[in-house]
Amino acid sequence: MTVAPSPVSPQAGDYDRADWASGFRNVGVELSDVAIQASHGTIPSELQGTLYRNGPGRLERGGHWVHHPFDGDGMITALRFEDGGVRLSNRFIRTEGWLAEEKAGKPLYRGVFGTQKPGGPLANAFDLRLKNIANTHVVRLGDDLLALWEASSPHALDPDSLETRGLTLLDGVLKPGEAFSAHPRFDPGHHGQERMVTFGVKTGPRSTVRLLEFAVADDPATGVKAGQLLSERSDSFKGFAFLHDFAITPNWAVFLQNAIAFNPLPFVLGQKGAAQCLASKPGGQAQFWLVPRDSGAYAGQEPRIIPAPEGFVFHHVNAWEERDELVLTSIFYADFPTIGPDMDFRAIDFNQIPEGLLERCTIDLTSGSVQSERLSERCCEFAMVNPACQGLASRYAWMAVAERETGNDPLQALKKLDLVTGEQQVWSAAPRGFVSEPVMVPRPATAGAPAPAEDDGWVLCVIWNGARCASDLVILDAASMAEVAVLELPLAIPYGLHGSFVEG
Ligand code: CO
């Protein structure tokens, strides 16, 4: 481990592939409230709440490996911070598919990212069932913890015990099996109360985007309850859409329709997973779809459609409005990265796949013109801003990055970037550590004291420690990226996807 701000970069690609590959594994235990001590440093007593993480916890069954880790069954890890201590729990989500495969001891479903049932194309052709693996994100809404997977309904869990309550239709908001994004955005109070803003997309030759806004807290003044749907609208757009994420501002929900095409035939014939049938559309034009929020100044108006720069985007970082402009920061890939049917994900050549690069698009809402600017040449993913700045002008972003300054490699370091000056601080887990998504937790405000600075708080990250073959929780100072504490967890958590911090 090295401490910021003076990371020593090893030679390009100077990591051990066996260390990296050792992070792909099955979790064999479920822990409940195990007390964890800091191995180094002290856990800040002001950190009060729970870090929830979601990600694939099972990658193999009966000797059959998933084709891509995104096809692994969702497992929630909860790290509860209370009075300077941490307690750890983890649970698999009891999805229909997990329960059935647990009983059968072998894979019974195909995966969206190319996992096939044993038996070749004949055993897979025309089996178009989707296994809702609930593995992408986890957020709190009302009394439920929601395990999200974008192609279908969320699973509701008990926030304390992590027991699976079951599939939820959110009090009748969703139809059974309806798509519900794994990337909700939490509006910190653009129009008064906090809201969870999210969407579902139904795609085909046309795509319909359903935008949904939920209350996140009870409001005694209006009788609104946490988890209640406050507004919704649906808009139909021309063309196929793959929308994994979006961004919000006080007035807009911002989508980027990537220029990609979907050819379902190899999926239907049992040769490929559905996501492997996505491909760049040569000569295609990406578009921004700006949908007016019902809480904003343009409520009820038609969406704006604006040509977008080339490139493929999974994740946006933040967006805000500045006079007649909308500023959007996103992670762009030169092309849509996919793992073909004959490739083993553990053997991928990082040099052969495009890296994610941070770019800022400034959309002129009057003329419809777009200026784009590269903010950093360093490979990155999983970026976020201070949650209080969601949808608003933000100076800093925190993200997972590769150890070297350019080129594609596994994510081994965490970076704080000043979006105005370009100044950066880096904490590195190299050479034997591999990072996941960092979660920035602002320092709680103290009554009577000035509001904490935008970068005042902590960055929490679960890392894969190749030396221990287990996971560590790292707590960093969000301003300096200096190490505050490291907790060696008695659990080996495979590389995860998204998570959130719930105060309280
Ligand atoms: Co995502």
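Residues numbered from 1 in each chain as written. Predicted model: local features only at pLDDT ≥ 70, side-chain atom pairs only at ≥ 80, totals over all residues. Heavy atoms only, no water.

> Explain the sheet that holds strand E35 (residues 499-503) residue by residue, including any values.
If you trace the five strands from one edge of the open sheet to the other, you get E1-E7-E6-E3-E35, paired in antiparallel fashion. Looking along the sheet, the strands with just one partner apiece sit at the ends: strand E1 (34-36) and E35. When the angles between neighbouring strand axes are averaged without regard to direction, this sheet yields 25°. Judged from the eight bridges that link them, strand E6 (residues 73-82) and strand E7 (residues 85-92) form a sheet pairing that is antiparallel. Note on E7: the bridge partner recorded for Leu-79 is Leu-88. (Pairing = 2+ DSSP bridges. Helix = DSSP H or I, 4+ residues; strand = E, 2+ residues; numbered from the N terminus. Axes fitted to C-alpha atoms, helices over the stretch in contact; angles between N-to-C directions.)

> Tell me what's going on with the coordination of the cobalt ion, and back it up with residues and numbers.
Protein coordination at the cobalt ion comes from His-183 (NE2), His-244 (NE2), His-315 (NE2) and His-498 (NE2), with a distance range of 2.0 to 2.1 Å. Look at where the donors of the cobalt ion fall in the sequence and you get H-x60-H-x70-H-x182-H. You can see His-315 sitting in strand E22 (residues 312-322) and its partner His-498 sitting in the loop between strand E34 (483-488) and E35, a full 183 residues away along the chain. Accessibility assignment for this pair places His-315 and His-498 in one class, buried. (Donors = N, O, S within 2.8 Å, 3.2 Å for Na, K, Ca; no water. Buried < 20%, exposed > 50% of the residue type's maximum accessible area, 1.4 Å probe, protein only.)

> So what about the packing of aromatic side chains? Which residues, and what values?
Enumeration over the complete set of coordinates arrives at 19 aromatic pairs. With a centroid separation of 6.1 Å and 85° between ring planes, the pair formed by Tyr-15 and Phe-434 is classed as edge-to-face. Taken as a pair, Tyr-15 in the segment before helix H1 (17-21) and Phe-434 in strand E30 (residues 433-434) lie far apart in primary sequence, 419 residues in all. Residue classification places Tyr-15 among the buried residues on the basis of a relative accessible area of 13%. What makes Phe-434 buried here is its relative accessible area of 1%. Ring plane angle 25° and centroid distance 6.0 Å describe the contact between Phe-242 and Phe-312, whose orientation is recorded as stacked. Remark: Phe-312 occurs in strand E22 and Phe-242 occurs in the loop between strand E15 (229-238) and strand E16 (247-248); sequence separation between them is 70 residues. Classification of Phe-242 as buried rests on a relative accessible area of 17%. Look at Phe-312 and you get buried, because its relative accessible area is 2%. (Phe/Tyr/Trp six-rings, centres within 6.5 Å; stacked < 30°, edge-to-face > 60°.)

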